[in-house]
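Summary of the model geometry
Residues per chain, in single letters:
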Amino acid sequence: QNNAKVAVLGASGGIGQPLSLLLKNSPLVSRLSLYDIAHTPGVAADLSHIETRANVKGFLGPEQLPECLKGCDVVVIPAGVPRKPGMTRDDLFNTNASIVATLTSACAKHCPEAMICVISNPVNSTIPITSEVFKKHGVYNPNRIFGVTTLDIVRANAFVAELKGLDPARVSVPVIGGHAGKTIIPLISQCTPKVDFPQDQLEKLTGRIQEAGTEVVKAKAGAGSATLSMAYAGARFVFSLVDAMNGKEGVIECAFVRCSSVNISVWKPLMLRKIGNFNVICIGKITPFEEKMVAEAMSELKASIKKGEEFAKNFK
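For clarity, every value in this text was computed on a predicted model and none was experimentally measured.

1. Describing the overall build of the protein
- Across its full length, the protein holds ten helices and eleven strands.
- A compact globule built from 316 residues should have a C-alpha radius of gyration of about 20 Å, and the protein, at 19 Å, falls within 12% of that.
- Summarising its shape, the C-alpha atoms of the protein cover approximately 55 × 45 × 45 Å along the three principal directions.
- Buried positions account for 53% of the 316 residues belonging to the protein.
- Carbon and sulfur atoms make up 54% of the accessible area of the protein, which amounts to about 13,800 Å² in all.

Set out below in structure tokens:
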């Protein structure tokens, strides 16, 4: 059943517009609800002229948010401010935390059964915020809340393919950990097809994957952050999610999710299941280099999670 009703919250922004275009272009989507605090009627009108079946409607401002969310199967949240040169993802916390808490609170009220896909940075904190908000409303289901971190997998695939002369579409690198700096842990040892790099090249490649967002921020020289590649990655995750909801077997993506086995949110490959369920896939044996990265990432990851949880508890 290719009848997914998808909402994009932050649809007029740098990620939101190309993401909405990709969703409009998909036969999986039947209804596309676009929300923002400015320009959504124009974005919706523009997209509605495209000759694909998804019905597009724009919603403007907080008073129209409940109507936007009503009946949605999937909600994607790219809303917030982008990074500028010299900023870390965590520097966005004060602004984006409030935006995510407000939007996810509306989701908890008006579409509590929907799949919630959060793109807004810092993801290491915005997913804990979303989880706490849903708990406050008594509708928390960890199987329905995802931090969209697909962009780091997309980047890892592209960079490995470039170095090895492979077709990027056939390269698959799992990434675990979080979605900021050293918490991004690409498992090159688990790459399909198998690849090998000398240690110095492996360290350089890993560093590039971890800092790829900064690479784009610098290249755009103050004009924004990774918007087009993030829109592609966000759409890829949504399509995988909808495929799984439609009953497709063996759908695997990485995401930042609640993982009870380690009692904190971690980013792991998921086997997506039909209607709001997933199994966390066992990674298998990793190399000493990768184990060291995991150990070094944990304190920062735990601090970011705690920061998000505490913000949500005090949010009115």
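Moving on, there is more to tell.
2. Section: helix α4 (residues 93-110)
- Taking 1.5 Å of rise per residue, 18 residues should cover 26 Å, and α4 covers 25 Å from first to last C-alpha, within 8% of that figure.
- Looking at α4, one finds that the buried residues are F93, N96, A97, V100, A101, L103, T104, S105, A106, C107 and A108.

3. Here's the deal with the side chain of N121
- Of note, N121 is situated in the loop between β5 (115-118) and α5 (123-136).
- Residue class for N121 comes out buried when judged on its relative accessible area of 18%.
- A distance of 3.4 Å separates a polar atom in the side chain of N121 from the backbone nitrogen of V123.
- Excluding anything up to four places from it in sequence, N121 contacts R89, L92, N96, T126 and H179.

4. Overview of the packing of helix α6 (residues 150-164) against helix α7 (residues 199-210)
- Between α6 and α7, the shortest axis-to-axis distance is 10 Å and the interhelical angle comes to 145°. With respect to the hand of their crossing, α6 and α7 are arranged in right-handed fashion. Within the contact between the two elements, α6 uses D152, A156, F159, V160, E162 and L163 and α7 uses Q201, L205, R208 and I209.

5. Here we look at the pairing of strand β4 (residues 74-77)
- Of the two faces of β4, the one holding V74 and V76 and the one holding V75 and I77 are both buried throughout.
- Direction of pairing for strand β1 (residues 4-9) relative to β4: parallel, over a ladder of three bridges. Paired with A7 across the two strands is V75, which belongs to β4.
- Of the strand pairs in this sheet, β4 and β5 are connected by four bridges, and their pairing is parallel. Of the residues in β5, the one forming a bridge with V76 is C117.
- Considered for its hand, the β-α-β crossover made up of β4, α4 and β5 is right-handed.

The rules behind the values
- Residues numbered from 1 in each chain as written.
- Predicted model: local features only at pLDDT ≥ 70, side-chain atom pairs only at ≥ 80, totals over all residues.
- Heavy atoms only, no water.
- Helix = DSSP H or I, 4+ residues; strand = E, 2+ residues; numbered from the N terminus.
- Rg over C-alpha atoms; globule rule 2.2 N^0.38 Å.
- Buried < 20%, exposed > 50% of the residue type's maximum accessible area, 1.4 Å probe, protein only.
- Areas by Shrake-Rupley, 256 points an atom, 1.4 Å probe, with all protein chains shown as cover.
- Expected span 1.5 Å × (residues − 1).
- Polar contact = N/O pair within 3.5 Å; in protein donor to acceptor, adjacent residues only side chain to side chain.
- Contact = heavy atoms within 4.5 Å.
- Axes fitted to C-alpha atoms, helices over the stretch in contact; angles between N-to-C directions.
- Left-handed = near helix turned anticlockwise from the far one by under 90°.
- Pairing = 2+ DSSP bridges.
- Right-handed = clockwise from strand over helix to strand, strands pointing away.

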